[in-house]
Amino acid sequence: MRRKLAAGNWKMNGISAGLTELQSLAATHADADVDILICPPATLLHRAAEIAQDTSIRIGGQDCHANAAGAHTGDISAQMLGDAGATAVIVGHSERREDHDERNEDVRAKAKAAIDAGLTAVICLGESLAQREAANTLDIIAGQMSGSIPDLATGENVVIAYEPIWAIGTGKVPTLEQIGEVHDFIRARLERRFGEGVGRSVRLLYGGSVKPGNAADIFAVPNVDGALVGGASLKAADFSPIISALETS
Ligand code: PGA
């Protein structure tokens, strides 16, 4: 049985005052039946981890460097994230693929670095609108999977997030059939590459405009094991009903 996961990606949002949202989330979901992960900006990570200590919430980073240490001004290694209290890190988010020209091989190296540092790598995949309209979504996903997922992936050290780029921050959501098609495809490919045991144990999240109003429907889709939530994870009042929907799914 895969344990469900509600993950929040705060992106470049949040200063100290925002930590009260984390406190209220922790208080509301003290006995959560699902895993909860919040990925705040790096500047808040350590304090967020202190708040989350002894609660049901885990803290993650939003990116890491592929190297463990060295002359890379402004970058943060997976080991540093772990030292600050993170247990996971998002890699290959489409905003990083676009803003920082990250290619599949970069994402794979980052995922491997995360796993080597004892973190869970939340590896993001997803097609653009042009790719969706050209009907090659599954080809794109297949290429991203082969290129971005390291060979040492297991159900413990890797989570996959399917995030259609055109659904991120837009309020547009794929149909439930479209989400199901991609998630089934990812599951089948994982089983083929890693064997049934590992392939069935990796959690698959959907991401892109998940809100309290659509979460329950999305969580009812087979092979959707949770969500990676951006905008609606910033406020406890929005993220909390998403967590509750996942618990009852
Ligand atoms: P969104 O972002 O929920 O604001 O669409 C999702 C994400 O980018 O992870």
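This is a predicted model, so every value here is computed, not measured.

1. Thoughts on the layout of surface pockets
Step number 1: Estimates place the volume of the largest pocket at around 550 Å³.
Step number 2: Every element with two or more residues in the lining of the largest pocket is listed here: helix H2 (42–52) and helix H4 (94–99).
Step number 3: Counting residues per element, the lining of the largest pocket draws most heavily on H4, which supplies three residues.
Step number 4: Split by residue class, the lining of the largest pocket holds nine nonpolar, six polar and six charged.

2. A word on the pairing of strand S8 (residues 226–229)
Step number 1: What you see with S8 is no split at all: Gly226 and Leu228 on one side and Ala227 and Val229 on the other are buried throughout.
Step number 2: Of the pairings in the sheet, the one linking strand S1 (residues 5–9) to S8 comprises four bridges and is parallel in character. Bridge pairing in S8 links Gly8 to Val229.
Step number 3: Note that strand S7 (residues 203–207) and S8 share two bridges and pair parallel.

3. As for the nonpolar core
Step number 1: In this structure, Ile57, Ile59, Ile123, Ile160, Ile186, Leu190 and Phe239 are the most contacted members of the largest nonpolar core, which totals 64 residues.
Step number 2: A total of six residues in this core trace back to one element, the largest contributor, which is helix H10 (residues 236–247).
Step number 3: Beyond its immediate stretch of four places on either side in the chain, Ile186 contacts Leu125, Ile141, Met145, Ile160, Tyr162 and Leu204.
Step number 4: Membership of the second largest hydrophobic core comes to twelve residues, among which are Ala88, Val122, Cys124 and Ala161.

The rules behind these values
- Residues numbered from 1 in each chain as written.
- Predicted model: local features only at pLDDT ≥ 70, side-chain atom pairs only at ≥ 80, totals over all residues.
- Heavy atoms only, no water.
- 1 Å grid on protein atoms, 1.4 Å probe; cavity = no way out; pocket = protein on both sides within 12 Å on 5 of 7 lines; lining within 4 Å.
- Points joined across faces, edges and corners; volume = space filled by probe spheres on them.
- Helix = DSSP H or I, 4+ residues; strand = E, 2+ residues; numbered from the N terminus.
- Nonpolar A, V, L, I, M, F, W, Y, C, P; charged D, E, K, R; others polar.
- Buried < 20%, exposed > 50% of the residue type's maximum accessible area, 1.4 Å probe, protein only.
- Pairing = 2+ DSSP bridges.
- Core = buried A, V, L, I, M, F, W, Y, C linked by side-chain atoms within 4.5 Å.
- Contact = heavy atoms within 4.5 Å.

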